[in-house]
Amino acid sequence: MKKLLAIFCLALLTLGLWPPAEAPARVYIDITKPSSRKLPLAMPEFRPQGGSQSLGGEGNRILRGDLELTGLFDVLDPKTYLGSGAGAINPREWRRIGAELLVTAEYTQIGNTLGIECKLHDVTDGKLLVGRRYDGLKADLPAMMHRFADEIMEAITGQKSVFSTQIAFVRAEGGKKEVWLMDFDGSHARQFTNRGDLTLFPSWSPDGKLVAYTTYVNRRPTVALHALAGGSGQVILNKPGVNLTPAFRNDGRVAAALSFSGKTNIYLCDQAGNVGQNLTDGWGIDVAPTFSPDGRQMAYVSDRSGNPQIYVRDMASGQMRRITYGHKYCAAPDWSPKGDRIAFMVDIGGVFQVATIRPDGSDQQILTSGHGGGEDPSWSPDGRLIAYSSRSTGRYQIYVMTASGQPLKRLTELSGENSDPAWSPRGVIGTR
Amino acid sequence: MKKRMVWTLVLALILGLAVGASTGCSKKEVGAPGELSAEEQARLKAEEERRLREQRLREGQAGGALTGTEAQMREIFTNQDIHYDYDRYDLRSDAKQILNDKAGYMQSHPEVNVIVEGHCDERGSASYNMALGEKRAKAAAAYLQAMGISAARLETVTYGKEKPLVRGNTEEAYAANRRAHFVIK
């Protein structure tokens with residue numbers, strides 16, 4: 001962890017001779033429009049400036065994977081390139097092959113150390129958009145590439161992307177379930193909990209330092225908090241009945257579905273497990289809360305109409321309204337970090353699909369019907385991507401698509417069943 | 001006596017095959033107007049199978065002592081699940097009949113304490129199913145309490161859709177997995 005911090009401090013040193021990255025004068029991508037075209041981008045081989053040459057290809061591959069995961073770029077085939085990207089850039093050379101953007105990098109790899117200079121050029125206007133230098137150890141190459149990918153996204157869209165995020169998910173094997181973590185692109189999958197029973201429904205704290213989940217203790221589902229930094233997780237809610245589906249509000253408090261009263265309602269609790277006010281009062285099952293980014297509204301699942309549907313509660317007035325109609329089973333809501341939509345799963349003709357809807361119940365969009373169904377959606381922190389689980393290959397695995405339903409990548413390649421992704425906030429590197 | 005049990009089993013097997021074959025035939029016509037839905041068919045089939053199973057058990061008992069041996073009764077108690085409709089936790093009439101038997105067993109065996117496990121089929125969200133499984137277990141436990149069993153002897157547990165009895169995504173598997181299972185502590 002300390003080592004990574006040092007790298008990032010170094011990485012913040014931009015090269016003095018480069019002009020600072022200005023806010024782009026023209027709009028490269030209108031990210032509010034789901035069907036906007038992909039930006040053609042050329043990225044020739046990274047050029048070694050002395051020392052060993054073993055890491056250039058890997059750096060190029062990592063950065064390319066990051067950019068493709070956004071669904072925003074069309075990385076052009078290197079075989080078509082007329083220039084090498086060395087020395088002075090000739091914009092016309094790159095425009096002729098259809099490129100609008102060009103990424104070049106030069107690196108120095110000596111012993112265990114690595115220095116790398118990365119640039120993003122606009123070859124239409126012939127100007128440098130971003131230039132960064134990163135220095136560190138060879139093993140930090142992925143972190144350096146993810147960092148630069150975020151810089152590219154910030155230059156193009158005005159905000160950083162997901163390249164400093166983790167995804168928690170549930171892995172089932174041998175009749176047990178544990179929470180696992182992986183990087184945003186599916187790499188570095190590793191076990192997070194080791195409780196030896198059923199552990200599921202992971203949810204991140206707003207600062208990314210805690211993961212809450214449901215875990216069985218003596219046959220009872222309880223709610224535990226688990227520091228990303230380590231430890232074994234601490235049970236905070238163990239009331240008679242069930243203690244399910246913890247979700248953080250932006251103030252750090254935790255909502256969970258508890259049934260100690262006989263009804264399964266959602267309560268707001270502090271992190272010590274003190275149970276506060278009930279947020280719902282359905283006669284049957286209220287479960288799976290998720291908050292709007294400002295914490296003023298909460299979406300959840302209730303069966304008060306006779307089958308599970310999505311409801312929204314206004315936290316100030318306590319008023320509730322149903323937002324899903326026309327389908328007999330809607331569940332697993334997740335409120336977009338941008339605030340404008342709620343993702344959920346819906347039964348359409350016997351197959352569950354991931355859909356999104358506005359918080360007022362308008363403009364429902366089914367996203368996964370073209371690619372084999374989907375369940376348990378989770379938004380990326382920039383609100384551009386959705387991770388979800390799907391059984392389209394026979395076993396549950398985790399996939400990612402754009403918020404408009406364009407499939408991008410399968411993230412898990414693990415044995416067993418892998419489901420219920422929960423995307424972390426930005427700035428979570430995770431312990432390895 | 002052993003011979004008779006074997007014959008009973010053979011008979012039951014033949015009956016079971018006949019039922020399987022007949023539902024197999026009607027399945028080909030699924031989708032024709034006026035036909036039962038696959039879900040309803042599966043439910044009827046599950047009920048029929050349960051009836052046959054019970055008949056088998058009763059015949060087995062009749063062949064031995066009048067009420068069966070202690071071991072047999074205990075086996076029936078723990079092996080016989082009750083079943084629920086999709087996304088429902090109210091008790092069906094067939095479930096109530098089985099619960100009557102279970103209440104009888106618990107009344108004649110006051111030393112027995114029971115864990116009632118609520119289970120769901122694999123469709124739908126894991127979280128909603130976990131809540132639903134608890135409602136199923138509680139509905140069964142409440143019925144037993146109404147039949148005079150002390151709440152102190154009943155523990156309810158939910159496993160949602162986490163521990164299916166039967167693998168597979170057929171209506172038959174779904175119907176078998178929507179159950180309350182009874183474990184003697």
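Structure shown above.
Read on for an overview of the structure.

Calculation notes
- Residues numbered from 1 in each chain as written.
- Chains lettered and ligands numbered in written order.
- Predicted model: local features only at pLDDT ≥ 70, side-chain atom pairs only at ≥ 80, totals over all residues.
- Heavy atoms only, no water.
- Helix = DSSP H or I, 4+ residues; strand = E, 2+ residues; numbered from the N terminus.
- Buried < 20%, exposed > 50% of the residue type's maximum accessible area, 1.4 Å probe, protein only.
- Contact = heavy atoms within 4.5 Å.
- Areas by Shrake-Rupley, 256 points an atom, 1.4 Å probe, with all protein chains shown as cover.
- Core = buried A, V, L, I, M, F, W, Y, C linked by side-chain atoms within 4.5 Å.
- Expected span 1.5 Å × (residues − 1).
- Pairing = 2+ DSSP bridges.
- Axes fitted to C-alpha atoms, helices over the stretch in contact; angles between N-to-C directions.
- Salt bridge = Lys/Arg side-chain N within 4 Å of Asp/Glu carboxyl O.
- Buried area = accessible area lost by both parts, 1.4 Å probe.
- Polar contact = N/O pair within 3.5 Å; in protein donor to acceptor, adjacent residues only side chain to side chain.
- Nonpolar A, V, L, I, M, F, W, Y, C, P; charged D, E, K, R; others polar.

1. Side note on the overall build of chain A
Check the secondary structure of chain A and you find four helices and 30 strands. With 432 residues in all, chain A has 55% of them scored as buried. Pairs at least 24 apart in sequence give 44% of the contacts found in chain A among residues at least 6 apart. Counting every atom, chain A has about 17,400 Å² of accessible surface; 48% of that belongs to carbon and sulfur.

2. What about the environment of Ala131(B)?
Inspection of the secondary structure puts Ala131(B) in helix α5 (residues 126–146). Residue classification places Ala131(B) among the buried residues on the basis of a relative accessible area of 0%. For the pair formed by Ala131(B) and Gly160(B), sequence separation is 29 residues and the distance between their alpha carbons is 7.0 Å. Apart from the residues within four sequence positions on either side, Ala131(B) is in contact with Leu244(A), Thr264(A) and Ile285(A).

3. Quick word on the nonpolar core
In this structure, Leu244(A), Leu279(A) and Val287(A) are the most contacted members of the largest nonpolar core, which totals 48 residues. No other element matches α5(B), which puts five residues into this core. Beyond its immediate sequence surroundings of up to four residues, Val287(A) is in contact with Leu244(A), Thr245(A), Ala257(A), Ile266(A), Tyr300(A), Val301(A), Ser127(B) and Tyr128(B).

4. A look at the environment of Glu117(B)
All names here are of chain B. Tracing the chain through its elements places Glu-117 in strand β2 (residues 114–119). Between the alpha carbons of Glu-117 and Thr-158 there is a distance of 5.6 Å; along the sequence they are 41 residues apart. Excluding residues that lie within four positions of it along the chain, Glu-117 makes contacts with Ala-137, Val-157, Tyr-159, Arg-179, Ala-180, His-181 and Val-183.

5. Examining α5(B)
All names here are of chain B. For α5, with 21 residues, the first-to-last C-alpha span of 30 Å sits near the 30 Å given by 1.5 Å per residue. Burial runs high along α5: 17 of the 21 residues are buried. Positive backbone phi, at 100°, marks Gly-148, one or two positions downstream of α5.

6. Here's the deal with the sheet that holds strand β27 (residues 385–390) of chain A
Residue and element names in this part refer to chain A. Taken in spatial order, the four strands make up an open sheet running β26-β27-β28-β29, and their pairing is antiparallel. Single-partner strands in this sheet number two, and they are β26 (375–379) and β29 (407–410). With direction set aside, neighbouring strand axes in the sheet form an average angle of 25°. Sheet analysis places β26 next to β27, joined by three bridges and oriented antiparallel. Of the residues in β27, the one forming a bridge with Trp-379 is Ile-386.

7. Quick look at the pattern of salt bridges
Scanning the entire structure with this criterion turns up 27 salt bridges over all chains. When the shortest N-O distance is used, the salt bridge between Glu162(B) and Lys177(A) registers 2.7 Å. With Glu162(B) in the loop between β3 (154–160) and α6 (171–177) and Lys177(A) in strand β8 (residues 176–183), the pair connects residues from two separate chains. Taken individually, Glu162(B) and Lys177(A) each receive the classification buried, so the pair is uniform in this respect. Taken together, the salt bridges that share partners define one network made up of Glu117(A), Arg133(A) and Asp135(A).

8. Re the interface of chain B and chain A
Each partner contributes residues to the interface: chain B has 26 residues there, and chain A has 36 residues. Carbon and sulfur atoms supply 56% of the area that chain B and chain A bury against each other, a total of about 2,300 Å² over both sides. Taken together, chain B and chain A are joined by three salt bridges. Between Arg391(A) and Glu122(B) there is a salt bridge; the shortest N-O distance is 2.9 Å. At the junction of chain B with chain A, the criterion picks out 10 residue pairs in polar contact (both at pLDDT 80 or more). The set of elements that each furnish at least two residues to the side of chain B that touches chain A consists of α5 and β3 of chain B. With 10 residues, the top contributor of residues to the side of chain B that touches chain A is α5(B). The class makeup of the residues in the side of chain B that touches chain A is 10 nonpolar, five polar and 11 charged.

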